[in-house]
Amino acid sequence: MQVSHRSFGQTPDGKEVSLFTLRNAKGAEALISNYGGIVTSLRVPDRNGYLGDVVLGYGNLADYLKESPYFGALIGRYGNRIAKGKFTLDGKEYTLATNNYPNALHGGIKGFDKVVWDPTAVTGPEGPSLRLNYVSKDGEEGYPGTLSVTVVYTFTDDNELKVEYTATSDKDTVINLTQHSYFNLAGKGKILNHVVMIPADRFTPVDSTLIPTGELRPVAGTPFDFRTPTAIGARIDQNDEQLKFGKGYDHNWVINKTMGQLTLMARVTEPTSGRVLEVLSTEPGLQFYSGNFLDGTLKGKGRVYEFRCGFCMEPQHYPDSPNKPEFPSVVLKPGQTYHNTIIFKFSAGS
Ligand code: GLA
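The rules we used
- Residues numbered from 1 in each chain as written.
- Predicted model: local features only at pLDDT ≥ 70, side-chain atom pairs only at ≥ 80, totals over all residues.
- Heavy atoms only, no water.
- 1 Å grid on protein atoms, 1.4 Å probe; cavity = no way out; pocket = protein on both sides within 12 Å on 5 of 7 lines; lining within 4 Å.
- Points joined across faces, edges and corners; volume = space filled by probe spheres on them.
- Nonpolar A, V, L, I, M, F, W, Y, C, P; charged D, E, K, R; others polar.
- Pairing = 2+ DSSP bridges.
- Helix = DSSP H or I, 4+ residues; strand = E, 2+ residues; numbered from the N terminus.
- Buried < 20%, exposed > 50% of the residue type's maximum accessible area, 1.4 Å probe, protein only.
- Polar contact = N/O pair within 3.5 Å; in protein donor to acceptor, adjacent residues only side chain to side chain.
- Contact = heavy atoms within 4.5 Å.

On to empty space enclosed by the protein, then. Summed over the entire model, instances satisfying the criterion amount to 1 cavity of 30 Å³ or more. If you go around the largest cavity, the residues you meet are Gly76, Arg77, Gly107, Lys110, Gly111, Phe112, Ser136, Glu140, Glu141 and Tyr143. For the lining of the largest cavity, the per-class residue count stands at 2 nonpolar, 4 polar and 4 charged.

As structure tokens, this is what we get:
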């Protein structure tokens, strides 16, 4: 199976951007741009074999340049929030842009979601792949070290979108890369009927600015218990302080696992289409975001993006880890290679 590409336009500073089509042997296809490494469309079968687009996004580059809540994008250098945009590493304090109220979010003003990656199309044994390279300069967005990042997207013949990250740095730095696709497995409507399972006994509760308090709180007896498959909408409007802070689900779950192992992080089932999404990753945490900041003002691919019409499952290290020595470390040192694998696996049940 081959990778084809066409022009997706130009950035304001004159860089040419392409849109790549990764079609697998089953005819399912992923469209990915080297602008932000954005997955703009993902067509996978429902229970009748009908291919439908299960991600939110836009059909053209201009809309991504104008305004996007990270639709489908690669996120870096640091996925999610760093409190007050400050952290200390090796005794030196670093200051980042505060682009989310008092905090830094998703790598800064011009994060990896807004840079042009250097693309190479490859076809390997597992299916069509797109390799993306980006070198982030020392000091870019306030982060220390020259960071060389490679992301390989592969769309396998088993309808898995595999995202493999590697990175190296020439100075001590912090890193937390993830992927920010918004899914709607029905391809329309709200996501409240989607049934979610997350194998986590604990989550990281947050303050009112969505920074973890440091506590690892048991999910038992709370609306955050997804160990048994439960509809997103079943408890989302309960009178719960954590749900109020997030305007719904916008939290990090502490997955029951051995650090670094590729394990199931979430399974999501949509009853009308029969589509199932399984998220696997090597990361210790999972941000489950229920699209609470979508409000009907953005429109893409012929749809209005209403409140809670898409959800994200972002495998990651816990938010604000650079300021939480008790959380698993996000430090990358020269000579080490950062690895992270995320798999979004699609199937359809009866
Ligand atoms: C992440 C955050 C959310 C929100 C979205 C983008 O998932 O956790 O709070 O900022 O990105 O809108």
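From this point, the narrative continues.
All right, on to the pairing of strand 18 (residues 200-204) then. Relative to strand 21 (residues 250-255), strand 18 runs antiparallel, the two being bridged by 4 bridges. Paired with Thr204 across the strands is Asn252, a residue of strand 21. Strand direction decides the pairing type here: strand 18 and strand 19 (residues 217-218), joined by 2 bridges, are antiparallel. Bridge pairing links Phe203 to Arg217 in strand 19.

The next point concerns the side chain of Asn103. Within the secondary structure, Asn103 is located in the loop between strand 9 (92-95) and strand 10 (104-105). We classify Asn103 as buried; its relative accessible area is 1%. Polar contacts involving the side chain of Asn103 include one to the side chain of Thr209, which spans 3.0 Å. Not counting the four nearest positions on each side in its chain, Asn103 is found in contact with Arg81, Ile82, Ala83, Lys84, Gly85, Ala97, Thr98, Thr209 and Ile211.

It is worth spelling out the sheet that holds strand 13 (residues 147-155) at this point. Here 9 strands make up an open sheet; going across it, the order is 11-12-13-14-29-23-22-17-20 and the pairing antiparallel. Two strands in the sheet have a free side with no partner beyond their single neighbour: strand 11 (118-124) and strand 20 (230-231).

Geometry only, nothing functional implied.
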